[in-house]
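One-letter residues, chain by chain:
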Amino acid sequence: MAVMSLSTAANVTGQMLWYPVLALFFRELGASDFQASLAYGLIAAANAFLQLPGGVLADRFGRKRLIVWPTFVAAAAFVAAALSRSWVPLALALFAQAACSAIQAPSFVALVAESVPADRRGEAFAYLELWASAGIGLGPILGALLLPYLPMAALFGLTAAVFVASAIARQLWLRESLSRPSGSGGDAATPRLVGGPAQPRPAAGFRLSALFRGRLAWLTVTAVAVSVAINLTLYGPFLPLLAHDVLGFSGAQIDILYASGPLFAAVLGVAMGRFLARKGGRLGVSLGLLLTGVSLVAFLAAPSFWVALAVIAVTGAAVQFTFIGYDALRADATDEETRGRVVGALGSLSGAAGAIAVPLVGKLAGGPGPSLAIYIGAAFCVLGAVAAQRVGRAEPPG
(Lines give C-alpha, C1' and ligand atoms only; values in the text may rest on other atoms or scores of the structure.)
Protein backbone atom coordinates (compact mmCIF):
# COMPACT_ATOMS: atom_id res chain seq x y z
CA MET A 1 0.00 0.00 0.00
CA ALA A 2 2.86 2.41 0.75
CA VAL A 3 4.37 2.06 -2.72
CA MET A 4 0.97 2.48 -4.40
CA SER A 5 0.05 5.47 -2.26
CA LEU A 6 3.31 7.39 -2.60
CA SER A 7 3.73 6.74 -6.33
CA THR A 8 0.10 7.70 -6.95
CA ALA A 9 0.56 10.93 -5.00
CA ALA A 10 3.67 11.77 -7.04
CA ASN A 11 1.97 11.02 -10.37
CA VAL A 12 -1.14 13.00 -9.52
CA THR A 13 0.97 15.95 -8.36
CA GLY A 14 2.77 15.93 -11.70
CA GLN A 15 -0.47 15.88 -13.67
CA MET A 16 -2.12 18.59 -11.61
CA LEU A 17 0.70 21.04 -12.37
CA TRP A 18 -1.16 21.86 -15.58
CA TYR A 19 -4.54 20.10 -15.60
CA PRO A 20 -6.64 22.91 -14.03
CA VAL A 21 -5.70 25.29 -16.89
CA LEU A 22 -5.64 22.67 -19.66
CA ALA A 23 -8.83 24.03 -21.26
CA LEU A 24 -7.24 27.48 -21.47
CA PHE A 25 -4.12 25.94 -23.02
CA PHE A 26 -6.23 24.25 -25.69
CA ARG A 27 -7.51 27.73 -26.51
CA GLU A 28 -3.94 29.03 -26.80
CA LEU A 29 -3.20 26.27 -29.30
CA GLY A 30 -6.11 27.35 -31.49
CA ALA A 31 -9.01 25.22 -30.25
CA SER A 32 -12.52 26.61 -29.95
CA ASP A 33 -14.51 25.83 -26.81
CA PHE A 34 -16.35 23.06 -28.67
CA GLN A 35 -13.06 21.64 -29.96
CA ALA A 36 -11.72 21.75 -26.39
CA SER A 37 -14.75 19.74 -25.25
CA LEU A 38 -14.07 17.28 -28.09
CA ALA A 39 -10.50 16.93 -26.83
CA TYR A 40 -11.72 16.26 -23.28
CA GLY A 41 -14.21 13.75 -24.70
CA LEU A 42 -11.38 12.00 -26.56
CA ILE A 43 -9.37 11.79 -23.35
CA ALA A 44 -12.39 10.40 -21.49
CA ALA A 45 -12.98 7.91 -24.33
CA ALA A 46 -9.80 6.10 -23.36
CA ASN A 47 -11.75 4.74 -20.39
CA ALA A 48 -14.40 3.43 -22.75
CA PHE A 49 -11.96 1.39 -24.83
CA LEU A 50 -9.26 0.05 -22.55
CA GLN A 51 -10.52 -0.58 -19.02
CA LEU A 52 -12.16 -3.83 -20.09
CA PRO A 53 -9.01 -5.18 -21.83
CA GLY A 54 -7.05 -3.98 -18.81
CA GLY A 55 -9.29 -5.98 -16.51
CA VAL A 56 -9.02 -9.12 -18.65
CA LEU A 57 -5.22 -8.85 -18.73
CA ALA A 58 -5.07 -8.16 -14.99
CA ASP A 59 -7.03 -11.34 -14.21
CA ARG A 60 -4.78 -13.35 -16.53
CA PHE A 61 -1.29 -11.96 -15.93
CA GLY A 62 -1.51 -10.27 -12.53
CA ARG A 63 -1.98 -6.78 -11.14
CA LYS A 64 1.62 -5.57 -10.90
CA ARG A 65 2.54 -5.88 -14.56
CA LEU A 66 -0.61 -4.05 -15.62
CA ILE A 67 0.34 -1.18 -13.29
CA VAL A 68 4.07 -0.88 -14.04
CA TRP A 69 4.24 -1.06 -17.83
CA PRO A 70 1.50 1.52 -18.54
CA THR A 71 3.28 3.93 -16.19
CA PHE A 72 6.38 3.83 -18.42
CA VAL A 73 4.26 4.34 -21.57
CA ALA A 74 2.41 7.26 -19.94
CA ALA A 75 5.77 9.00 -19.37
CA ALA A 76 6.46 8.79 -23.12
CA ALA A 77 3.00 10.22 -23.82
CA PHE A 78 3.77 13.26 -21.67
CA VAL A 79 6.99 13.80 -23.65
CA ALA A 80 4.84 13.83 -26.80
CA ALA A 81 2.50 16.34 -25.14
CA ALA A 82 5.46 18.60 -24.37
CA LEU A 83 6.42 18.58 -28.04
CA SER A 84 2.90 19.39 -29.31
CA ARG A 85 2.42 22.69 -31.10
CA SER A 86 -1.30 22.47 -31.88
CA TRP A 87 -4.33 21.20 -30.02
CA VAL A 88 -4.84 17.99 -32.03
CA PRO A 89 -1.43 16.39 -31.28
CA LEU A 90 -1.81 17.45 -27.65
CA ALA A 91 -5.21 15.77 -27.44
CA LEU A 92 -3.82 12.59 -28.99
CA ALA A 93 -0.87 12.52 -26.57
CA LEU A 94 -3.18 12.96 -23.58
CA PHE A 95 -5.48 10.29 -25.02
CA ALA A 96 -2.52 7.89 -24.99
CA GLN A 97 -1.77 8.75 -21.37
CA ALA A 98 -5.43 8.33 -20.41
CA ALA A 99 -5.44 4.96 -22.16
CA CYS A 100 -2.56 3.87 -19.94
CA SER A 101 -4.49 5.01 -16.89
CA ALA A 102 -7.56 3.09 -18.08
CA ILE A 103 -5.54 -0.12 -18.48
CA GLN A 104 -4.23 0.30 -14.94
CA ALA A 105 -7.55 1.10 -13.27
CA PRO A 106 -8.89 -2.46 -12.73
CA SER A 107 -5.52 -3.57 -11.34
CA PHE A 108 -5.47 -0.67 -8.87
CA VAL A 109 -8.88 -1.60 -7.46
CA ALA A 110 -8.13 -5.33 -7.43
CA LEU A 111 -4.69 -4.98 -5.83
CA VAL A 112 -5.98 -2.86 -2.96
CA ALA A 113 -9.05 -5.08 -2.45
CA GLU A 114 -6.88 -8.21 -2.35
CA SER A 115 -4.17 -6.78 -0.10
CA VAL A 116 -6.33 -6.12 2.97
CA PRO A 117 -9.11 -7.94 4.85
CA ALA A 118 -12.61 -7.25 3.53
CA ASP A 119 -13.60 -5.32 6.66
CA ARG A 120 -10.68 -2.89 6.15
CA ARG A 121 -11.23 -2.08 2.48
CA GLY A 122 -12.87 1.24 3.24
CA GLU A 123 -9.84 2.33 5.25
CA ALA A 124 -7.42 1.05 2.59
CA PHE A 125 -9.14 2.92 -0.22
CA ALA A 126 -9.35 6.00 2.00
CA TYR A 127 -5.60 5.80 2.62
CA LEU A 128 -4.93 5.62 -1.12
CA GLU A 129 -7.34 8.46 -1.85
CA LEU A 130 -5.78 10.53 0.95
CA TRP A 131 -2.42 10.44 -0.83
CA ALA A 132 -4.10 11.09 -4.17
CA SER A 133 -5.89 14.06 -2.62
CA ALA A 134 -2.59 15.41 -1.34
CA GLY A 135 -1.21 15.22 -4.88
CA ILE A 136 -4.31 16.78 -6.41
CA GLY A 137 -4.06 19.62 -3.91
CA LEU A 138 -0.30 20.14 -4.07
CA GLY A 139 -0.04 20.01 -7.86
CA PRO A 140 -2.15 23.10 -8.66
CA ILE A 141 -0.32 25.13 -6.00
CA LEU A 142 3.03 24.21 -7.54
CA GLY A 143 1.56 24.90 -10.96
CA ALA A 144 0.43 28.36 -9.92
CA LEU A 145 3.98 29.08 -8.72
CA LEU A 146 5.67 27.66 -11.83
CA LEU A 147 3.38 28.94 -14.60
CA PRO A 148 4.75 32.52 -14.54
CA TYR A 149 8.25 31.16 -15.17
CA LEU A 150 7.83 27.94 -17.17
CA PRO A 151 5.85 27.20 -20.35
CA MET A 152 3.31 24.40 -20.40
CA ALA A 153 5.73 22.23 -22.38
CA ALA A 154 8.17 22.31 -19.46
CA LEU A 155 5.41 21.29 -17.05
CA PHE A 156 4.58 18.30 -19.27
CA GLY A 157 8.28 17.41 -19.20
CA LEU A 158 8.33 17.52 -15.41
CA THR A 159 5.31 15.22 -15.34
CA ALA A 160 7.09 12.75 -17.63
CA ALA A 161 10.09 12.66 -15.30
CA VAL A 162 7.86 11.99 -12.29
CA PHE A 163 6.17 9.09 -14.09
CA VAL A 164 9.50 7.48 -14.99
CA ALA A 165 10.59 7.59 -11.34
CA SER A 166 7.20 6.20 -10.26
CA ALA A 167 7.37 3.33 -12.75
CA ILE A 168 10.82 2.32 -11.51
CA ALA A 169 9.66 2.40 -7.89
CA ARG A 170 6.62 0.27 -8.71
CA GLN A 171 8.73 -2.26 -10.57
CA LEU A 172 11.15 -2.59 -7.67
CA TRP A 173 8.83 -2.62 -4.67
CA LEU A 174 5.23 -3.32 -5.66
CA ARG A 175 4.03 -6.81 -4.68
CA GLU A 176 1.62 -8.94 -6.67
CA SER A 177 -1.73 -9.68 -4.98
CA LEU A 178 -3.29 -12.19 -7.38
CA SER A 179 -3.31 -15.78 -6.10
CA ARG A 180 -1.21 -18.39 -7.90
CA PRO A 181 -3.19 -20.08 -10.70
CA SER A 182 -4.23 -23.65 -10.00
CA GLY A 183 -1.97 -26.24 -11.58
CA SER A 184 1.09 -23.96 -11.67
CA GLY A 185 2.67 -25.35 -8.54
CA GLY A 186 2.71 -24.09 -4.98
CA ASP A 187 -0.03 -23.04 -2.68
CA ALA A 188 -2.98 -21.53 -4.53
CA ALA A 189 -3.34 -18.90 -1.82
CA THR A 190 0.28 -17.76 -2.05
CA PRO A 191 0.81 -14.39 -3.81
CA ARG A 192 2.63 -14.81 -7.11
CA LEU A 193 5.35 -12.41 -8.30
CA VAL A 194 5.07 -11.66 -12.00
CA GLY A 195 8.63 -10.66 -12.76
CA GLY A 196 9.20 -13.89 -14.72
CA PRO A 197 7.27 -15.39 -17.62
CA ALA A 198 3.52 -14.89 -17.45
CA GLN A 199 1.48 -17.89 -16.37
CA PRO A 200 -2.03 -18.20 -17.85
CA ARG A 201 -4.84 -18.03 -15.37
CA PRO A 202 -8.02 -20.02 -15.93
CA ALA A 203 -10.86 -17.69 -16.83
CA ALA A 204 -13.82 -17.70 -14.48
CA GLY A 205 -17.22 -17.32 -16.04
CA PHE A 206 -18.22 -13.72 -16.72
CA ARG A 207 -20.42 -12.31 -19.45
CA LEU A 208 -20.95 -8.64 -20.22
CA SER A 209 -24.69 -9.22 -19.95
CA ALA A 210 -24.16 -9.78 -16.21
CA LEU A 211 -23.68 -6.00 -15.85
CA PHE A 212 -27.39 -5.56 -16.58
CA ARG A 213 -28.73 -8.08 -14.08
CA GLY A 214 -29.16 -8.08 -10.32
CA ARG A 215 -26.74 -6.16 -8.10
CA LEU A 216 -24.40 -5.45 -11.02
CA ALA A 217 -27.17 -3.66 -12.93
CA TRP A 218 -27.44 -1.06 -10.16
CA LEU A 219 -23.66 -0.91 -9.90
CA THR A 220 -23.59 -0.17 -13.65
CA VAL A 221 -26.08 2.69 -13.25
CA THR A 222 -24.00 4.04 -10.38
CA ALA A 223 -20.79 3.82 -12.44
CA VAL A 224 -22.34 5.66 -15.41
CA ALA A 225 -23.78 8.37 -13.16
CA VAL A 226 -20.44 8.94 -11.39
CA SER A 227 -18.55 9.09 -14.70
CA VAL A 228 -20.93 11.52 -16.39
CA ALA A 229 -21.24 13.77 -13.33
CA ILE A 230 -17.50 14.06 -12.71
CA ASN A 231 -16.50 14.37 -16.38
CA LEU A 232 -18.99 17.19 -16.88
CA THR A 233 -17.81 19.10 -13.81
CA LEU A 234 -14.48 18.76 -12.00
CA TYR A 235 -12.70 16.73 -14.71
CA GLY A 236 -14.17 18.48 -17.74
CA PRO A 237 -13.49 21.79 -19.46
CA PHE A 238 -16.66 23.52 -18.31
CA LEU A 239 -15.76 24.39 -14.72
CA PRO A 240 -12.49 26.22 -15.56
CA LEU A 241 -14.18 27.95 -18.52
CA LEU A 242 -17.04 29.02 -16.26
CA ALA A 243 -14.59 30.25 -13.62
CA HIS A 244 -12.62 32.22 -16.23
CA ASP A 245 -15.35 33.56 -18.52
CA VAL A 246 -18.30 34.08 -16.14
CA LEU A 247 -16.75 34.55 -12.71
CA GLY A 248 -13.65 36.34 -14.02
CA PHE A 249 -11.00 34.27 -12.21
CA SER A 250 -7.39 34.17 -13.43
CA GLY A 251 -5.42 31.03 -14.23
CA ALA A 252 -3.63 31.19 -10.87
CA GLN A 253 -6.96 31.53 -9.05
CA ILE A 254 -8.33 28.52 -10.95
CA ASP A 255 -5.27 26.54 -9.85
CA ILE A 256 -5.97 27.48 -6.23
CA LEU A 257 -9.63 26.49 -6.63
CA TYR A 258 -8.61 23.04 -7.82
CA ALA A 259 -6.16 22.69 -4.93
CA SER A 260 -8.64 23.54 -2.18
CA GLY A 261 -10.93 20.52 -2.44
CA PRO A 262 -8.27 17.78 -2.44
CA LEU A 263 -6.37 19.42 0.43
CA PHE A 264 -9.57 19.60 2.45
CA ALA A 265 -10.25 15.96 1.53
CA ALA A 266 -6.73 14.98 2.64
CA VAL A 267 -7.41 16.46 6.08
CA LEU A 268 -10.62 14.43 6.34
CA GLY A 269 -9.26 11.30 4.64
CA VAL A 270 -8.71 9.09 7.69
CA ALA A 271 -12.08 10.02 9.19
CA MET A 272 -13.83 9.29 5.88
CA GLY A 273 -12.17 5.89 5.68
CA ARG A 274 -13.20 4.95 9.21
CA PHE A 275 -16.75 6.10 8.55
CA LEU A 276 -16.96 3.96 5.41
CA ALA A 277 -15.40 0.98 7.17
CA ARG A 278 -18.38 1.08 9.56
CA LYS A 279 -21.16 2.18 7.21
CA GLY A 280 -20.11 0.68 3.87
CA GLY A 281 -19.48 1.98 0.35
CA ARG A 282 -23.13 2.40 -0.60
CA LEU A 283 -23.73 5.15 1.93
CA GLY A 284 -20.43 6.80 1.02
CA VAL A 285 -21.33 6.99 -2.66
CA SER A 286 -24.81 8.31 -1.98
CA LEU A 287 -23.79 10.98 0.54
CA GLY A 288 -20.78 12.00 -1.52
CA LEU A 289 -22.76 12.40 -4.74
CA LEU A 290 -25.59 14.35 -3.11
CA LEU A 291 -23.16 16.77 -1.46
CA THR A 292 -21.24 17.08 -4.74
CA GLY A 293 -24.38 18.01 -6.66
CA VAL A 294 -25.55 20.59 -4.12
CA SER A 295 -22.15 22.26 -3.83
CA LEU A 296 -21.66 22.44 -7.63
CA VAL A 297 -24.96 24.28 -8.03
CA ALA A 298 -23.97 26.59 -5.17
CA PHE A 299 -20.71 27.39 -7.00
CA LEU A 300 -22.71 28.98 -9.82
CA ALA A 301 -24.01 31.62 -7.41
CA ALA A 302 -20.70 32.34 -5.67
CA PRO A 303 -20.47 36.15 -5.18
CA SER A 304 -16.69 36.25 -4.71
CA PHE A 305 -13.53 34.22 -5.14
CA TRP A 306 -13.35 33.38 -1.45
CA VAL A 307 -16.89 32.03 -1.37
CA ALA A 308 -16.16 30.05 -4.52
CA LEU A 309 -13.01 28.70 -2.86
CA ALA A 310 -14.99 27.48 0.17
CA VAL A 311 -17.65 25.86 -2.02
CA ILE A 312 -15.12 24.09 -4.23
CA ALA A 313 -13.28 22.86 -1.13
CA VAL A 314 -16.49 21.15 -0.01
CA THR A 315 -17.07 19.84 -3.55
CA GLY A 316 -13.59 18.33 -3.76
CA ALA A 317 -13.94 16.62 -0.40
CA ALA A 318 -17.36 15.27 -1.41
CA VAL A 319 -15.93 13.88 -4.67
CA GLN A 320 -13.10 12.12 -2.81
CA PHE A 321 -15.65 10.68 -0.38
CA THR A 322 -17.60 9.43 -3.41
CA PHE A 323 -14.50 7.83 -4.91
CA ILE A 324 -13.58 6.05 -1.68
CA GLY A 325 -17.11 4.71 -1.35
CA TYR A 326 -17.23 3.74 -5.02
CA ASP A 327 -13.96 1.80 -4.77
CA ALA A 328 -15.26 -0.07 -1.73
CA LEU A 329 -18.62 -0.64 -3.40
CA ARG A 330 -17.02 -2.20 -6.49
CA ALA A 331 -14.79 -4.41 -4.35
CA ASP A 332 -17.71 -5.62 -2.21
CA ALA A 333 -19.93 -6.36 -5.22
CA THR A 334 -17.32 -8.51 -7.02
CA ASP A 335 -15.25 -11.64 -6.33
CA GLU A 336 -11.52 -12.18 -6.89
CA GLU A 337 -11.89 -14.47 -9.92
CA THR A 338 -13.81 -11.93 -12.02
CA ARG A 339 -13.02 -8.64 -10.24
CA GLY A 340 -10.62 -7.34 -12.88
CA ARG A 341 -13.05 -8.02 -15.72
CA VAL A 342 -16.08 -6.61 -13.91
CA VAL A 343 -14.24 -3.43 -12.91
CA GLY A 344 -12.83 -3.14 -16.43
CA ALA A 345 -16.23 -3.63 -18.05
CA LEU A 346 -17.79 -1.07 -15.71
CA GLY A 347 -15.01 1.37 -16.54
CA SER A 348 -15.49 0.82 -20.26
CA LEU A 349 -19.23 1.36 -20.14
CA SER A 350 -19.12 4.34 -17.79
CA GLY A 351 -16.14 5.79 -19.64
CA ALA A 352 -18.09 5.64 -22.90
CA ALA A 353 -20.95 7.51 -21.27
CA GLY A 354 -18.61 10.17 -19.90
CA ALA A 355 -16.79 10.50 -23.22
CA ILE A 356 -20.04 11.03 -25.13
CA ALA A 357 -21.47 13.40 -22.55
CA VAL A 358 -18.64 15.96 -22.67
CA PRO A 359 -18.77 16.95 -26.37
CA LEU A 360 -22.56 16.50 -26.47
CA VAL A 361 -23.06 18.95 -23.63
CA GLY A 362 -20.36 21.16 -25.16
CA LYS A 363 -22.49 21.41 -28.29
CA LEU A 364 -25.67 22.09 -26.32
CA ALA A 365 -23.94 24.65 -24.08
CA GLY A 366 -23.31 27.03 -26.97
CA GLY A 367 -26.34 29.08 -25.93
CA PRO A 368 -26.80 28.55 -22.17
CA GLY A 369 -23.04 28.49 -21.57
CA PRO A 370 -20.91 26.17 -19.40
CA SER A 371 -23.35 26.40 -16.48
CA LEU A 372 -25.57 23.89 -18.32
CA ALA A 373 -22.93 21.22 -17.75
CA ILE A 374 -23.01 21.91 -14.00
CA TYR A 375 -26.78 21.43 -13.80
CA ILE A 376 -26.67 18.21 -15.83
CA GLY A 377 -23.78 16.92 -13.72
CA ALA A 378 -25.78 17.63 -10.55
CA ALA A 379 -28.74 15.67 -11.94
CA PHE A 380 -26.51 12.65 -12.54
CA CYS A 381 -25.23 12.98 -8.96
CA VAL A 382 -28.79 12.43 -7.74
CA LEU A 383 -29.25 9.45 -10.07
CA GLY A 384 -26.05 7.81 -8.84
CA ALA A 385 -26.94 8.41 -5.19
CA VAL A 386 -30.23 6.57 -5.63
CA ALA A 387 -28.74 3.70 -7.65
CA ALA A 388 -25.92 3.06 -5.17
CA GLN A 389 -28.43 2.17 -2.48
CA ARG A 390 -29.62 -0.78 -4.57
CA VAL A 391 -26.22 -2.45 -4.99
CA GLY A 392 -25.75 -5.72 -3.07
CA ARG A 393 -22.61 -7.61 -2.02
CA ALA A 394 -21.06 -10.52 -3.90
CA GLU A 395 -21.80 -13.97 -2.52
CA PRO A 396 -18.81 -15.41 -0.62
CA PRO A 397 -17.15 -18.39 -2.33
CA GLY A 398 -18.15 -21.88 -1.26
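Cut-offs applied
- Residues numbered from 1 in each chain as written.
- Predicted model: local features only at pLDDT ≥ 70, side-chain atom pairs only at ≥ 80, totals over all residues.
- Heavy atoms only, no water.
- Core = buried A, V, L, I, M, F, W, Y, C linked by side-chain atoms within 4.5 Å.
- Buried < 20%, exposed > 50% of the residue type's maximum accessible area, 1.4 Å probe, protein only.
- Contact = heavy atoms within 4.5 Å.
- Axes fitted to C-alpha atoms, helices over the stretch in contact; angles between N-to-C directions.
- Helix = DSSP H or I, 4+ residues; strand = E, 2+ residues; numbered from the N terminus.
- Parallel < 35°, antiparallel > 145°, perpendicular 65-115°, else oblique.
- Left-handed = near helix turned anticlockwise from the far one by under 90°.
- Nonpolar A, V, L, I, M, F, W, Y, C, P; charged D, E, K, R; others polar.
- Expected span 1.5 Å × (residues − 1).
- Salt bridge = Lys/Arg side-chain N within 4 Å of Asp/Glu carboxyl O.
- Phe/Tyr/Trp six-rings, centres within 6.5 Å; stacked < 30°, edge-to-face > 60°.

## Topic: the nonpolar core
Phase 1 of the analysis: Counting residues in each nonpolar core, the largest one holds 84 residues, and the members touching the most others are Trp 18, Phe 26, Leu 90, Leu 94, Phe 156, Leu 257 and Phe 299.
Phase 2 of the analysis: Beyond its immediate stretch of four places on either side in the chain, Trp 18 contacts Phe 78, Leu 94, Met 152, Leu 155, Phe 156 and Thr 159.
Phase 3 of the analysis: Membership of the second largest hydrophobic core comes to 22 residues, among which are Ile 67, Leu 111, Ala 317 and Ile 324.

## Some words on the packing of helix H4 (residues 65-82) against helix H5 (residues 87-115)
Phase 1 of the analysis: With their axes 8 Å apart at the nearest point, H4 and H5 run at an angle of 165° to one another. Compared by their axis directions, H4 and H5 come out roughly antiparallel. Handedness of the crossing formed by H4 with H5: left-handed. Each of Leu 66, Ile 67, Pro 70, Thr 71, Val 73, Ala 74, Ala 77, Phe 78, Ala 80 and Ala 81 in H4 lies in contact with H5, whose residues at this interface are Leu 90, Ala 93, Leu 94, Ala 96, Gln 97, Cys 100, Ile 103, Gln 104, Ser 107, Phe 108 and Leu 111.
Phase 2 of the analysis: Among the residues forming the contact of H4 with H5, the class breakdown is 17 nonpolar, four polar and no charged.

## As for helix H14 (residues 371-388)
Phase 1 of the analysis: With 18 residues, H14 should cover 26 Å at 1.5 Å per step; its first-to-last C-alpha distance of 26 Å lies within 8% of that length.
Phase 2 of the analysis: Those residues of H14 that fall on the buried side of the exposure criterion are Ala 373, Ile 374, Gly 377, Ala 378, Cys 381, Gly 384, Ala 385, Ala 387 and Ala 388.
Phase 3 of the analysis: Buried residues in H14 make contact with helix H8 (214-232), helix H9 (238-245), helix H11 (281-300), helix H12 (305-332) and helix H13 (339-364).

## Remarks on the pattern of salt bridges
Phase 1 of the analysis: A complete count under the given rule lists four salt bridges for this structure.
Phase 2 of the analysis: Its salt-bridge partner being Asp 327, residue Arg 330 comes within 2.7 Å of it at the nearest N-O pair. You can see Arg 330 and its partner Asp 327 sitting in helix H12, three residues apart, about one turn around the helix. Residue Arg 330 shares its accessibility class with Asp 327, and that shared class is buried.

## Points about the packing of aromatic side chains
Phase 1 of the analysis: A full pass over the atoms with the stated rule returns 10 aromatic pairs.
Phase 2 of the analysis: Between Trp 18 and Tyr 19, the aromatic rings sit 6.2 Å apart at their centres with planes inclined by 55°, giving tilted as the arrangement. A single burial state applies to Trp 18 and to Tyr 19, both of which are buried.
Phase 3 of the analysis: A connected cluster of aromatic rings, assembled from ring pairs, spans Trp 18, Tyr 19, Phe 25, Phe 26, Tyr 40, Phe 78, Phe 156 and Phe 163.

## Quick notes on H13
Phase 1 of the analysis: With 26 residues, H13 should reach 38 Å at 1.5 Å per residue; the first-to-last C-alpha distance of 37 Å fits that figure.
Phase 2 of the analysis: Summarising burial for H13: 19 of the 26 residues are buried, a large majority.

## Section: the side chain of Gln 51
Phase 1 of the analysis: With respect to the helices and strands, the residue Gln 51 is situated in helix H3 (residues 33-61).
Phase 2 of the analysis: The residues contacting Gln 51, other than those within four sequence positions of it, are Ala 46, Ala 102, Ala 105, Pro 106, Val 343, Gly 344, Gly 347 and Ser 348.

## As for the packing of H8 against H12
Phase 1 of the analysis: Interhelical geometry of H8 versus H12 gives an angle of 155° and a closest axis separation of 12 Å. Between H8 and H12, the crossing angle belongs to the class labelled roughly antiparallel. The handedness of the crossing between H8 and H12 comes out as left-handed. The segment H8 lies against H12, with Leu 219, Thr 222, Ala 223, Val 226 and Ile 230 engaging Val 319, Thr 322, Phe 323, Tyr 326, Leu 329 and Arg 330.
Phase 2 of the analysis: Across the contact of H8 with H12, the residue classes break down as eight nonpolar, two polar and one charged.

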